[in-house]
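Take a look at the letters that make up each chain.
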Amino acid sequence: MVAEGFFAEDLFHHAATPGFASAWRLLQLGDPEGAAFFAEGLEDGVALAQLRAAIAVAQGDLAAAGEILDAALAALSDSEEIADVSVQRGVIARERREFGAARDAFARAAALKPGRAATWAALARAERSRGDTTAARAVLDDALARHPGDADLHAASAAWYLGEKRYAEALAECDAVAACDASAAAHPFALANRGNALLGLRRFDAADATFAEAQAADPAMFEPVFGRAIVALDRGDLEAAEAGLARALEIRPRHRDAKLRRADALTRMSRH
């Protein structure tokens, strides 16, 4: 289990000692138990706390990772270290769906280290996850004024517009992602966002082609599978729609809209 964003390279304070180097190497090779062995006896400090938290994340124990980071934050005085560890603490809280705690952690990190654009994007997502869409938009507008060419911020802005069903603006932000960073625009999540914006604009052929790209990049991702099924349903291709919705429900068995739409497709095929 890996918490997205936790392992961003610019957040970690690696200690230049053989013990730390060996532990990190084993962690990168997928051996958290071996990394934990080398972590024993290393000198306390922010680098060790981050290492121990990273081991806990790799082991799937997010609660333990959060406790390690909380203890580290209580002992830190350097503002940059506090900002970096706060970002990691926010990621852990977000993964555990503790959105208020995530918002507080990202807000502290953004205040202490405003030059890191990814923190502002994470803060906006946390605000939106906790239901405050107005605050999320304010964060994004402020951050985009500070970092107008940041792909992650434009991607977060696209997601915000999609949530508000403002599809033309969402598509414009997807275009901005591509203008900033072609590799970011080719990420499956960015492609899925673009596909959803095109779907909302009823540009079905373009949406299907974009979802197909996203599906090829990540076959296990729900959004492009579901999106292509919706396009097929609109075209009247009920067999393809039903098969796509069945596949989508394999990925997310409790997705209500996918269940309803599959029921609709089956009914229209007289498979009552």
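Heads up: the structure comes first, above all this text.
In this report, the structure presented in the accompanying data block is examined.

How each quantity is defined
- Residues numbered from 1 in each chain as written.
- Predicted model: local features only at pLDDT ≥ 70, side-chain atom pairs only at ≥ 80, totals over all residues.
- Heavy atoms only, no water.
- Salt bridge = Lys/Arg side-chain N within 4 Å of Asp/Glu carboxyl O.
- Buried < 20%, exposed > 50% of the residue type's maximum accessible area, 1.4 Å probe, protein only.
- Helix = DSSP H or I, 4+ residues; strand = E, 2+ residues; numbered from the N terminus.
- Expected span 1.5 Å × (residues − 1).
- Contact = heavy atoms within 4.5 Å.
- Core = buried A, V, L, I, M, F, W, Y, C linked by side-chain atoms within 4.5 Å.
- Phe/Tyr/Trp six-rings, centres within 6.5 Å; stacked < 30°, edge-to-face > 60°.
- Lys NZ or Arg CZ within 6 Å of the ring centre and 35° of its normal.

A few words on the pattern of salt bridges. Tallied over the entire structure, the rule returns 23 salt bridges. One salt bridge in this structure joins Glu169 and Arg166, with 2.7 Å as the shortest N-O distance. Of the residues examined, Arg166 reaches a relative accessible area of 34% and is grouped as partly exposed. Residue Asp175 pairs with Arg194 through a salt bridge whose shortest N-O separation is 2.6 Å. Of this pair, Asp175 sits in helix H10 (residues 167–180) while Arg194 sits in helix H12 (residues 188–200), and the two are 19 residues apart along the sequence. A residue is classified by how much of its surface remains accessible, and Asp175, at 38% relative accessible area, is partly exposed. With relative accessibility at 27%, the residue Arg194 sits in the partly exposed group. By sharing partners, the salt bridges in this structure join Arg103, Asp104, Glu127 and Arg130 into a single network.

A few words now on unusual backbone geometry. A positive phi angle, near 65°, is found at Arg97, a position not held by glycine. Among the structural elements, Arg97 can be located in the loop between helix H5 (79–95) and helix H6 (99–112).

Looking now at H6. Since one α-helical turn is 3.6 residues long, residues separated by three or four positions face the same way. The end-to-end C-alpha distance of H6 is 20 Å, a good match for the 20 Å that 14 residues give at a rise of 1.5 Å each. Elements that come into contact with the buried residues of H6 comprise H5 and helix H7 (117–129).

Ranked by size, the top nonpolar core spans 73 residues in total, and within it Phe6, Leu51, Phe106 and Leu153 carry the most contacts. Core analysis: the second largest hydrophobic core is formed by seven residues, Ala232, Leu233, Ala241 and Met269 among them.

This paragraph deals with the packing of aromatic side chains. Enumeration over the complete set of coordinates arrives at seven aromatic pairs. Here the aromatic rings of Phe6 and Phe12 are separated by 5.9 Å at their centres, their planes lie at 70°, and the arrangement is edge-to-face. Using a relative accessible area of 11% as the deciding quantity, one classes Phe12 as buried. Aromatic pair Phe7 and Phe12: ring centres 6.1 Å apart, planes at 15°, arrangement stacked. Here Phe7 falls in the partly exposed class, since its relative accessible area comes to 29%. Through pairs of rings, three or more aromatic residues link up here, namely Phe6, Phe7, Phe12 and Trp24. One Lys or Arg, Arg137, reaches over the ring of Trp160 and ends 4.9 Å from the middle of that ring.

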